[in-house]
Amino acid sequence: MDAPAVVAEVTENMLGGKKVTVAFVLGGPGSGKGTQCTNIVEHFGFTHLSAGDLLRAEIKSGSENGTMIDTMIKEGKIVPSEVTIKLLQEAMIKSENDKFLIDGFPRNEENRAAFENVTKISPAFVLFFDCAEDEMEKRLLGRNQGRVDDNIETIRKRFKVFVESSLPVIEYYSSKDKVKKIDAAKPIPEVFEGVKAIFAPYAPKVK
């Protein structure tokens, strides 16, 4: 009897047969994602890919693609999923690593479906930094001293966008039993203890 051809499906993704482990990192503005991503990279050897950073780097490069992205952002339009996915794809192919944290993406259901369709990659899990809005607001205002009034509205808009766009993504992966929720309101070291427990199976093997 032939062995099932499951392995082929996994390896034949858009990375030219490179097998990868992907974890999506989601959380509202001020939930502390960035700090914890740095810790995960340091302790577990993942490569951190931030969708926002990749878009900014592409704009800076002055490429035709970068100019188009810049124009869209300035006009307040959402950059098409395919553009962001292509940048993530290129970064994964170029990297020597096979473990990736994708931060701040997918932002919505359309992003999520496009990522899985284009890359043929389904995340190993989604790390969700769950934090109350008043706590995130306090942190963000603490970071932006002196600009309290003009920032509170922007901050609340960002929260609203997160709830409307990203929560459906979290619900989708919850239905697949792939969401690992972290209480992000705790102090940073305590949050990292929770993160460590989740990433333990992915720790680098000691030679």
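Fair warning: this is a prediction, and the values are worked out from it, not measured in the lab.

Criteria and thresholds
- Residues numbered from 1 in each chain as written.
- Predicted model: local features only at pLDDT ≥ 70, side-chain atom pairs only at ≥ 80, totals over all residues.
- Heavy atoms only, no water.
- Buried < 20%, exposed > 50% of the residue type's maximum accessible area, 1.4 Å probe, protein only.
- Helix = DSSP H or I, 4+ residues; strand = E, 2+ residues; numbered from the N terminus.
- Pairing = 2+ DSSP bridges.
- Contact = heavy atoms within 4.5 Å.
- Expected span 1.5 Å × (residues − 1).
- Salt bridge = Lys/Arg side-chain N within 4 Å of Asp/Glu carboxyl O.
- Axes fitted to C-alpha atoms, helices over the stretch in contact; angles between N-to-C directions.
- Core = buried A, V, L, I, M, F, W, Y, C linked by side-chain atoms within 4.5 Å.
- UniProt positions renumbered as here; feature names shortened; annotations may be inferred.

**Student:** Can you explain the pairing of strand β3 (residues 99–103)? Please cite residues and give values.
**Tutor:** Across the five residues of β3, five count as buried, placing the element largely inside the fold. Here β3 shows no split at all, with Lys99, Leu101 and Asp103 on one side and Phe100 and Ile102 on the other all buried. With five bridges connecting them, strand β1 (residues 21–27) and β3 associate as parallel partners. Following the sheet pairing, Ala23 is matched in β3 by Leu101.

**Student:** Tell me about the side chain of Arg112, and please be specific about residues and values.
**Tutor:** Structurally, Arg112 can be placed in helix α6 (residues 109–119). For Arg112, a relative accessible area of 9% puts it in the buried group. Those residues within four positions of Arg112 in sequence are excluded, and the remaining contacts are Pro106, Val169, Tyr172 and Tyr173.

**Student:** Requested: an account of helix α5 (residues 81–94), with residues and values cited.
**Tutor:** Taking 1.5 Å per residue, 14 residues should reach 20 Å; α5 reaches 20 Å between its end C-alpha atoms and fits that length. Those residues of α5 that fall on the buried side of the exposure criterion are Ser81, Val83, Thr84, Ile85, Leu87, Leu88, Gln89, Ala91 and Met92. Contacts made by the buried residues of α5 are with β1, β2 (47–50), α3 (51–60), α4 (64–74), β3 and α6.

**Student:** How would you sum up the pattern of salt bridges? Please name residues and give values.
**Tutor:** Under the counting rule described, the total for this entry stands at 11 salt bridges. Taking the shortest distance from any N to any O, the salt bridge between Asp103 and Lys33 comes out at 3.9 Å. Residue Asp103 is found in strand β3, and its partner Lys33 is found in helix α2 (residues 33–44); the two are separated by 70 residues along the sequence. Overall, the relative accessible area of 10% leaves Asp103 in the buried class. What you see here is one network of salt bridges that share partners, running through Glu135, Lys138 and Arg139.

**Student:** So what about the sheet that holds strand β4 (residues 125–130)? Which residues, and what values?
**Tutor:** If you walk across this open sheet you meet the five strands as β2-β3-β1-β4-β5, and the pairing is parallel. At either margin of the open sheet sits one strand with a lone partner, and together these are β2 and β5 (179–183). Strand-to-strand twist in this sheet, taken as the mean axis angle between neighbours without regard to direction, amounts to 25°.

**Student:** Can you explain the nonpolar core? Please cite residues and give values.
**Tutor:** Ile40, Leu101, Leu127, Phe129, Ile182, Val195 and Phe199 are the most contacted members of the largest nonpolar core, which totals 23 residues. If you list the elements that add at least two residues to this core, you get β1, α2, β4, α7 (133–143), α8 (148–175) and α9 (188–199). In terms of residue count, α9 provides more of this core than any other element does, five residues in total. The residues contacting Leu127, other than those within four sequence positions of it, are Phe24, Val25, Leu26, Ile40, Lys180, Ile182, Ile198 and Phe199.

**Student:** Account for the UniProt feature "binding site: a ribonucleoside 5'-phosphate" (unreviewed entry) in the protein chain, naming residues and giving values.
**Tutor:** Residues annotated in UniProt with the feature "binding site: a ribonucleoside 5'-phosphate" (unreviewed entry) correspond here to Arg56, Lys77, Ile78, Val79, Gly104, Phe105, Pro106, Arg107, Arg147 and Arg158. By the element assignment, Arg107 lies in the loop between β3 and α6. Residue Arg107 is classed as exposed on the basis of its relative accessible area of 56%. Following the sequence through the fold, Arg158 ends up in helix α8.

**Student:** So, unusual backbone geometry: which residues are in play, and what are the values?
**Tutor:** A cis geometry characterises the amide bond from Phe105 onward to Pro106, with omega recorded as 0°. Here Pro106 is to be found in the loop between β3 and α6. Of note, the phi angle at Lys120 is positive, near 60°, even though the residue is not glycine. In this structure, Lys120 sits in the loop between α6 and β4. Non-glycine residue Asp177 carries a positive phi angle of around 65°. With respect to the helices and strands, the residue Asp177 is situated in the loop between α8 and β5. Note on Asp177: relative accessible area 72%, which makes it exposed.

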